[in-house]
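# Chain and residue survey
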Amino acid sequence: MRNPLIKKQFIEVFRSYFVNQKTGKKRTKGKTTLFFFLFLLLLIFVSATFLGISYLFLDLIKGPKEFHWIYFAVMGILTMILGIFGSVFNTYASLYLSKDNELLLSLPISPFKILSSRIVLVYGLSLMYSGLVWLPVCALYYIYGGPSLLSILLCILLLFVISLFVTVLTCVLGFVVALLSVKLKNNSLMIVPITLAAIGGYYFVWFRMTDTLKSIVSNAGAVGEGLKKWGNVFYLLGEASVGDVKSFLLFTVISLALFAVCMFLLAKTFLFISTMRSGEKKNKVTFRSEKKQKKISETLIWREFKRFLSSPTYMLNCALGTIVGPIAAVMVIVKRQVLREVIDIFSIRFASKVEDYLPLLLTAVIMLALSMNTLTTPSISLEGKNFWILRALPVKTADILSAKRNFHLLMTVPTSIVSTIIIGIILNLYKEEIIVISLLIFFVAFFEANAGLMLGLRRSDFNWTNETKPIKQTLNSLLILLIGWAIPVITVGGYYLIDRYTKLPITSFIFLCILLVIFAAATYITDRWINKKGVILFEKL
Amino acid sequence: MLKIEHLTKVYGDVKAVDDLSLTVAPGEIYGFIGHNGAGKTTTLKSIAGILKFEKGDIFIDGVSVLSDPISCKKKIAYIPDNPDLYDFMTGMQFLEFIADIFEIPSDIRNERIKKYADIFELTGDLSGVISSYSHGMKQKLAIISAFIHEPKLIVMDEPFVGLDPKAAHSLKEIMHDVCAAGGAIFFSTHVLDVAEKLCQKVAVIKNGRLIKAGTMEEVTGDESLESAFLELEE
């Protein structure tokens, strides 16, 4: 790689795979391979989800060829939406918030080159996100749609063009977020709702997706006409995917033209935005009254909270579970009638099995929400150059680590438990079941907070230039995600295996009780590790 | 007030500080000089409890940093050479945070914040976020936060870098006040003129080893500190 700026960007992203961040020593080939394998596993898991979604179009793909383009047009839109929502805050941070802004701007490099090197990374990420959706979409079509060789070739090429389209849209949105963030720098009360609205929008699209896609499939003709009339770009994308070279060229030219315009606008404003200060108004200094004096533990948690509120990237990537649980609860309340009907239908078919599996399914749903909260994982690395403050203060290391864990729990446990109780009541679970599930959720959240902290302590990295790196581009963030997903899989899968293949007299309630004991023990063990080895590790950092 | 006994700190195979022993008495302003990479910052960070060290011990007011780091940290204040403070807090929030950690009652903390913020002309900026501060303003804020709990020992790494002349003068006055009240100051600097005028004692470190320490007269003799330092460095 000749361009040193691009090389620097990619080294920063992939360094942890090749080099131990703490010791600075090269990892063994085996370890590097293992880490890449885990990353690949995650990609395959996400891709498989989209393969499942693509199956909704099976009838359309198997049907007349003149409607096949609709499949690609709709899935192309989905690819773009997910790519954009997934990386808009990341793009904002990558383009404008790097800590090496001043260093690079002081070097004899044009701002355009700095911007371009960052956009190459954004494009790389867009390519990855788009590929996660687009490749399974193509794979399904190759199996069932009987595509021509030209169609296969164009579909592969289109992945690169779609990624360019996604890059344009994320860069423009990133630009808007940058402007908003600068204007609202000191007003978290504004930033938080905007961020939450973005998260809400993302989940609205996600949860409505199956219904929307089904409705598109059943009204394919009308949707096709609509796309031709109002979404010509997507019509071109659809036609190109089924082998129309003219549409492919047109779609490519449009994407390139949009990219050129975007680059021009971003280059014109890059220096202004990346060096802009909010020009805040001087407010009157207010002193705290005696009544408000905080304890040390409260002060440390307050510090974590301030750090959390200061970063949309941190909020968006490490605390989604805080709102996902309540959203699930609200959805269950709203759709309780439909849910009850579904349960009744299954009850007729599978009799007591439904009643037996229902508590496990509820637990798994809440556990999935818990897995989205990974606040402790990057919290050590996020101290960055401020780490000296914590080390210089007269505070026990164990208290600092407790504050990080307790903040994670405060952000996770209350909403999860309330959601569990609400959904449990609506599903007519027994009181004992709701209590055991709530306790289990508490211990799983506790365990995950500890596990994240352990990972953070073992593999901390203070030398980042962009906070996106410790938040979402490390092995730690990948590992904690896999741990979070493994727990609900083990919960439902474990019981299924016992139920199906053994004759042990274990009901789901007993199984949940066993899990409760296991996670309480795991929490105790990890807590002890943090208070002994974790404290030593922290003090050696 | 400060007693360093045979301090040794190793980074990998390199000895950053090698068997360093030194004593700072109450009422003393003690300068610490040496070339870049000599081991000054490592020594100061070890005193402040930021770095763990391999050998030796450090005593603050008779208490060992190794056996009771929390008590030691309560007695000292550390000001680094490049104060990276919490960008996500306002100046006032940062001072409140430090005061909360040191459990300073509200009336006393308010009085001290007002006093030092006025001295360093930062009162009007305390409501602003730290990310909007200049280097000098951050340095001033770090200094104010250091004085909030009235430490017995102040450990400073290049405290005058980035300060405007008025703030530097104010800091020197406060340093004298601290010593007059029975406190002690141990600070590193490359500005030898300042060290010569301000300090009663001075220590010279080279490649991690203390090569000379004592009163200004003992170290410099008839020469200036600059000449003595350059001779020692040869």
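In this text the structure is predicted, and so the values were computed from the model without any measurement.

### Remarks on the overall build of chain A
For chain A, the count of helices and strands is 23 helices and 0 strands. Taking all 541 residues of chain A together, 52% fall into the buried category. Within chain A, counting contacts between residues at least 6 apart in sequence, those at least 24 apart form 84% of the total.

### Considerations on the pattern of salt bridges
Scanning the entire structure with this criterion turns up 20 salt bridges over all chains. A salt bridge links Asp61(B) to Lys75(B); the nearest nitrogen and oxygen atoms lie 3.9 Å apart. With Asp61(B) in the loop between strand 4 (55-60) and strand 5 (63-64) and Lys75(B) in helix 2 (residues 69-75), the pair connects residues that are 14 residues apart, well separated along the chain. Looking at Asp61(B), the relative accessible area reads 34%, which means it is partly exposed. Of the charged contacts, one joins Lys166(B) and Glu121(B) as a salt bridge, the two residues approaching to 2.6 Å between their closest N and O atoms. Here Lys166(B), found in helix 6 (residues 165-180), pairs with Glu121(B), found in the loop between helix 4 (106-119) and helix 5 (135-147); they are 45 residues apart in sequence, far enough to count as distant. A single salt-bridge network, built from bridges that share partners, covers Arg303(A), Glu304(A), Glu383(A) and Lys404(A).

### Focus: the sheet that holds strand 2 (residues 14-24) of chain B
Residue and element names in this part refer to chain B. Across the sheet, which stays open at both edges, the 4 strands sit in the order 2-1-4-5 with antiparallel pairing between neighbours. Two strands in the sheet have a free side with no partner beyond their single neighbour: strand 2 and strand 5. Sheet strands in contact with helix 1 (residues 40-47) are strand 1 (2-11), strand 2 and strand 4, and its direction is about 120° off that of strand 1.

### Quick look at the confidence of the model for chain A
When pLDDT is averaged along chain A, the result is 83, and 88% of the positions lie at 70 or above. Mean pLDDT across the elements of chain A bottoms out in helix 8 (residues 188-218) of chain A (66) and peaks in helix 20 (residues 431-458) of chain A (94).

### What about the interface of chain A and chain B?
Between chain A and chain B, the contact holds 36 residues from the first and 42 residues from the second. For the interface between chain A and chain B, the tally reads 1 salt bridge. Counting the contacts that link chain A with chain B gives 9 residue pairs in polar contact (both at pLDDT 80 or more). Where the side of chain A that touches chain B is concerned, the elements lending two or more residues are helix 12 (296-309) and helix 18 (387-392) of chain A.

### Details of the sheet that holds strand 7 (residues 153-157) of chain B
Residues and elements named next belong to chain B. The 6 strands are arranged 6-7-8-3-9-10 in an open sheet whose pairing can be described as mixed. The sheet is open, and its two borders are formed by strand 6 (76-79) and strand 10 (209-215), each paired with just one other strand. Looking at each pair of strands side by side, their axes are set apart by 15° on average, direction ignored. The pairing of strand 9 (residues 201-206) with strand 10 spans 6 bridges and is classified as antiparallel. For Val 204, the partnering residue across the bridge sits in strand 10 and is Lys 212. The sheet strands contacting helix 6 are strand 3 (29-34), strand 7 and strand 8 (184-188), and the helix crosses strand 8 at an angle near 140°.

### Digging into the nonpolar core
Ile47(B) and Leu126(B) are the most contacted members of the largest nonpolar core, which has 121 residues in total. Excluding its chain neighbours within four sequence positions, the residues that come into contact with Leu126(B) are Val285(A), Thr90(B), Gly91(B), Met92(B), Leu95(B), Ile113(B), Ala117(B), Tyr133(B) and Leu141(B).

### Section: the state of the cysteines
Residue and element names in this part refer to chain B. Here the structure, examined in full by the defined rule, presents 0 disulfides over all chains. Note on Cys 199: no disulfide assigned, nearest cysteine sulfur contributed by Cys 179 at a separation of 9.5 Å. Cys 199 sits in the buried class, given a relative accessible area of 7%.

### As for the pairing of strand 8 of chain B
Residues and elements named next belong to chain B. Counting buried positions along strand 8 gives 5 out of 5 residues, so the element sits mostly inside the fold. Side-chain alternation along strand 8 places Ala 184, Phe 186 and Ser 188 on one buried face and Ile 185 and Phe 187 on a second face that is also buried. The pairing of strand 3 with strand 8 spans 4 bridges and is parallel. If you follow Gly 31 over to strand 8, its bridge partner there is Phe 187. Bridge count between strand 7 and strand 8: 5 bridges; the pairing is parallel. Its bridge partner being in strand 8, Met 156 is matched across the sheet by Phe 187.

### Brief notes about the confidence of the model for chain B
Residue and element names in this part refer to chain B. Chain-level pLDDT for chain B is 88 on average; 100% of the residues reach the 70-or-more range. Summarising per-element confidence for chain B, the mean pLDDT is lowest in helix 9 (residues 225-233) (77) and highest in strand 8 (93). Two summary scores accompany this predicted model of the complex, namely pTM at 0.72 and ipTM at 0.79.

### Remarks on a nonpolar patch on the surface
All names here are of chain A. A cluster of nonpolar side chains, namely Leu 150, Leu 153, Leu 157, Val 245 and Leu 249, defines an oily patch on the protein surface of about 410 Å² accessible area. At the level of secondary structure, the elements contributing two or more residues to the nonpolar patch comprise helix 7 (149-183) and helix 11 (245-274). Considering each element in turn, the nonpolar patch owes the most residues, 3 residues, to helix 7. Summarising the element assignment, Leu 153 is placed in helix 7.

### Quick word on the packing of helix 10 (residues 232-241) of chain A against helix 11 of chain A
Residue and element names in this part refer to chain A. Running from amino to carboxyl end, helix 10 crosses helix 11 at an angle of 135°, the nearest separation of the two axes being 8 Å. Between helix 10 and helix 11, the angle is such that the two are oblique. For the element pair helix 10 and helix 11, the recorded crossing hand is left-handed. Only Ser 247, Phe 248, Leu 250, Phe 251 and Ile 254 of helix 11 make contact with helix 10, whose side of the interface consists of Val 233, Leu 236, Leu 237, Glu 239 and Ala 240. Of the residues contributing to the contact of helix 10 with helix 11, the split by class is 8 nonpolar, 1 polar and 1 charged.

### Some words on the environment of Ser106(B)
Relative to the elements of secondary structure, Ser106(B) occurs in helix 4. Put simply, Ser106(B) and Glu96(B) are 10 residues apart on the chain and 9.1 Å apart in space, counted from C-alpha to C-alpha.

### So, the pairing of strand 3 of chain B
Residue and element names in this part refer to chain B. Taking burial as the measure, the 6 residues of strand 3 include 6 buried ones, the bulk of the element. Burial along strand 3 is two-sided: the face carrying Ile 29, Gly 31 and Ile 33 and the face carrying Tyr 30, Phe 32 and Gly 34 are both buried. In the sheet, strand 3 pairs with strand 9 via 5 bridges, with the strands oriented parallel. If you follow Phe 32 over to strand 9, its bridge partner there is Ala 203.

### Section: the environment of Leu60(A)
In this fold, Leu60(A) is placed in helix 3 (residues 58-62). For the pair Leu60(A) and Arg336(A), spaced 276 residues apart in sequence, the C-alpha separation works out to 32 Å.

### Observations regarding the packing of helix 1 (residues 4-18) of chain A against helix 2 (residues 29-54) of chain A
Residue and element names in this part refer to chain A. Between helix 1 and helix 2, the least distance of the axes is 8 Å, while the angle of their chain directions is 120°. One element, helix 1, and the other, helix 2, form an angle in the oblique class. In contact with Phe 14, Tyr 17 and Phe 18 of helix 1, helix 2 contributes Thr 32, Phe 35, Phe 36 and Phe 39.

### So, the environment of Thr415(A)
All names here are of chain A. Looking at where Thr 415 falls in the secondary structure, it is placed in helix 19 (residues 397-426). Residue class for Thr 415 comes out partly exposed when judged on its relative accessible area of 22%. C-alpha separation for the pair Thr 415 and Thr 491, spaced 76 residues apart in sequence, amounts to 21 Å. If sequence neighbours within four positions are ignored, Thr 415 has contacts with Thr 322 and Pro 326. Within polar-contact distance, the side chain of Thr 415 engages the backbone oxygen of Thr 412 at 3.4 Å.

Conventions adopted
Residues numbered from 1 in each chain as written. Chains lettered and ligands numbered in written order. Predicted model: local features only at pLDDT ≥ 70, side-chain atom pairs only at ≥ 80, totals over all residues. Heavy atoms only, no water. Helix = DSSP H or I, 4+ residues; strand = E, 2+ residues; numbered from the N terminus. Buried < 20%, exposed > 50% of the residue type's maximum accessible area, 1.4 Å probe, protein only. Contact = heavy atoms within 4.5 Å. Salt bridge = Lys/Arg side-chain N within 4 Å of Asp/Glu carboxyl O. Pairing = 2+ DSSP bridges. Axes fitted to C-alpha atoms, helices over the stretch in contact; angles between N-to-C directions. pLDDT = per-residue confidence, 0-100. Polar contact = N/O pair within 3.5 Å; in protein donor to acceptor, adjacent residues only side chain to side chain. Core = buried A, V, L, I, M, F, W, Y, C linked by side-chain atoms within 4.5 Å. Disulfide = S-S within 2.5 Å. Patch = residues over 30% accessible without salt bridge, like charges linked within 9 Å, V, L, I, M, F, W, Y side chains within 5 Å. Areas by Shrake-Rupley, 256 points an atom, 1.4 Å probe, with all protein chains shown as cover. Parallel < 35°, antiparallel > 145°, perpendicular 65-115°, else oblique. Left-handed = near helix turned anticlockwise from the far one by under 90°. Nonpolar A, V, L, I, M, F, W, Y, C, P; charged D, E, K, R; others polar.

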